[in-house]
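The chain contents come next:
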Amino acid sequence: MTDIVLTEAAVTRTVVDDLPDDEHRTGFDWGRLPRFVLYRPGLVLSVVTLVLVALAAFRPTLFTARDPLLGVPSEIFAPPSGQHWFGTDELGRDLFTRVVHGTALSLQATVIAVAVAFVVGGAIGLVAGFVGRWVDDVLMRFADVLLSIPSLFLSLALVTALGYGTVKVAIAVGVASVASFARVMRAEVLRLRQAVFVEAAWSSGARWYTVLGRHVLPNAIGPVVVLATLDLGTAVLAVSSLSFLGYGAVPPAPEWGTLISSGRNYLANAWWISTMSGLMVAFVVLATNRIARALDGEWANRR
C-alpha cells in the first residue's frame, strides 16, 4: 500500500477549496456596521467624542474663529446662548473658544504623561519579567515604593521639584503611573515565559533578543495598550487637577483645569464657567474608559 502524506499546505488548500464562496472572502463586513452601531451606541459616541477632541487639539479653527484671549467688556458673564454656546467669563471672553483652544494644551499633557508611563513602565516590566532573578527583585521593589505613594501626592512632589508648566506636569503624572504599567507588563512576560512557543524558540537555539522581540514583546503588549487607553482618562483628571491647583500653564492660557479653577469664585452668578469646562473633562474621561473596556474585552476574547 502506498502511503499518502499530505503536507499542511495541501490540507489547507483542500479545506479552503471545499468552503462556500462566502467563506473565502476576508476583511471587514460592511453589512454588519449598522447593527454594530445600533447595539454599541456608547462605544460609537465615545469614538466620535475623542475624534472631535483630537480635531479641536490640532485644528481649533474648525470649531470657532474667535480669539480665546480677546474679551468684550459689554458681554461679561453672559450666560450660555446661541451666540456664546458656553457663555462668557469675567473678562467677556467666549468660554467655548477657550475650551476648544485649551484642548491642545490638555491633550498634549495627557499624551506625554501616558507616553512616559507606557515607555518607562513597560521597559521596567519587560526587563524584570524577562531577566528575572535579582534584577526582578530590585525593579519590583522600586515599583512597590511608587505604588505605596498616592499618585496625586507623588505628582505634586515631582512637579514641585521640576517646576511649573504643562510639560513638567505631564512628566510628573507619567512618572506617577510607571509602577502600574511595569506590573502589568511583568505579569504578561512571566506568563509568556512558560508558553510552548517561547520554549520552542529557546530549544531551537534562538538568540535572547530574537525571543524577546519576536515572541514575547508582541504578545505581551496588548494588555499594556489597553492600560494606556484606560490611563488616558486618569491622566486627563490628574493633569486637570494639577492645573486646577495652579501648577499647569500660566494664565491666560486656556487649559481645562485652569478654566475650572478660574470659575470657582463665580459659581453663584456664573456657574457655567466651571461647569462647562468640567463637563468637557468628564466626557473625555468617560469616552476613554468606554473604549478601554471595549479593547479589554476584545483582547480577552483573542487570548
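This text follows the structure it describes.
Structural notes, computed from the coordinates. (Residues numbered from 1 in each chain as written. Predicted model: local features only at pLDDT ≥ 70, side-chain atom pairs only at ≥ 80, totals over all residues. Heavy atoms only, no water.)

Thoughts on the packing of aromatic side chains
Using the following cut-off: Pairs were defined over the aromatic rings of Phe, Tyr and Trp, the Trp ring being its six-membered one, requiring ring centres within 6.5 Å. Orientation was assigned from the angle between planes: stacked under 30 degrees, edge-to-face over 60, tilted for the rest. Elements are defined by DSSP. Helices are runs of H or I of four residues or more, strands are runs of E of two residues or more, and each kind is numbered from the N terminus. Buried, partly exposed and exposed residues are distinguished by accessible area as a fraction of the type maximum, computed with a 1.4 Å probe on protein chains only: under 20%, between the cut-offs, and over 50%, respectively.
Tallying each qualifying case throughout the model produces 6 aromatic pairs. Considering the side-chain rings of F118 and F181, the 6.4 Å spacing of their centres and the 80 degrees angle between planes classify their relative orientation as edge-to-face. Here F118 is found in helix α5 (residues 95-131), whereas its partner F181 is found in helix α9 (residues 178-193), with 63 residues between them in sequence. By relative accessible area, F181 is classed as buried at 0%. Within the aromatic cluster, the residues linked to one another by ring pairs are W85, F86 and F96.

Quick look at the pattern of salt bridges
So the rule is basically this: Criterion for a salt bridge: a side-chain nitrogen of Lys or Arg within 4 Å of a carboxyl oxygen of Asp or Glu.
Considering all chains together, one arrives at 8 salt bridges under this definition. E90 is the salt-bridge partner of R93, the closest N and O atoms lying 3.9 Å from each other. On the basis of relative accessibility, which here comes to 9%, the residue R93 falls in the buried class. With a shortest N-O distance of 2.8 Å, E188 and R191 are connected by a salt bridge. Note that E188 and R191 are positioned in helix α9 at a spacing of 3 residues, about one turn of the helix. A relative accessible area of 9% places E188 in the buried class. One continuous salt-bridge network, built from bridges that share partners, spans D89, E90, R93 and R98.

Some details on the nonpolar core
Cut-off, in case you're wondering: For the purposes of this section, nonpolar cores are sets of buried Ala, Val, Leu, Ile, Met, Phe, Trp, Tyr and Cys residues that join through side-chain atoms within 4.5 Å. Any two residues whose heavy atoms approach within 4.5 Å are treated as being in contact.
In terms of nonpolar packing, the biggest core is built from 31 residues, with V169, V173, V189 and V216 touching the most fellow members. Looking at this core, the elements with two or more residues in it are α5, α7 (151-162), α8 (166-176), α9, α10 (196-203) and α11 (208-244). The leading source of residues in this core is α11, at 11 residues. Leave out the neighbours within four places in its chain, and V169 touches V159, V239, L242, Y247 and G248.

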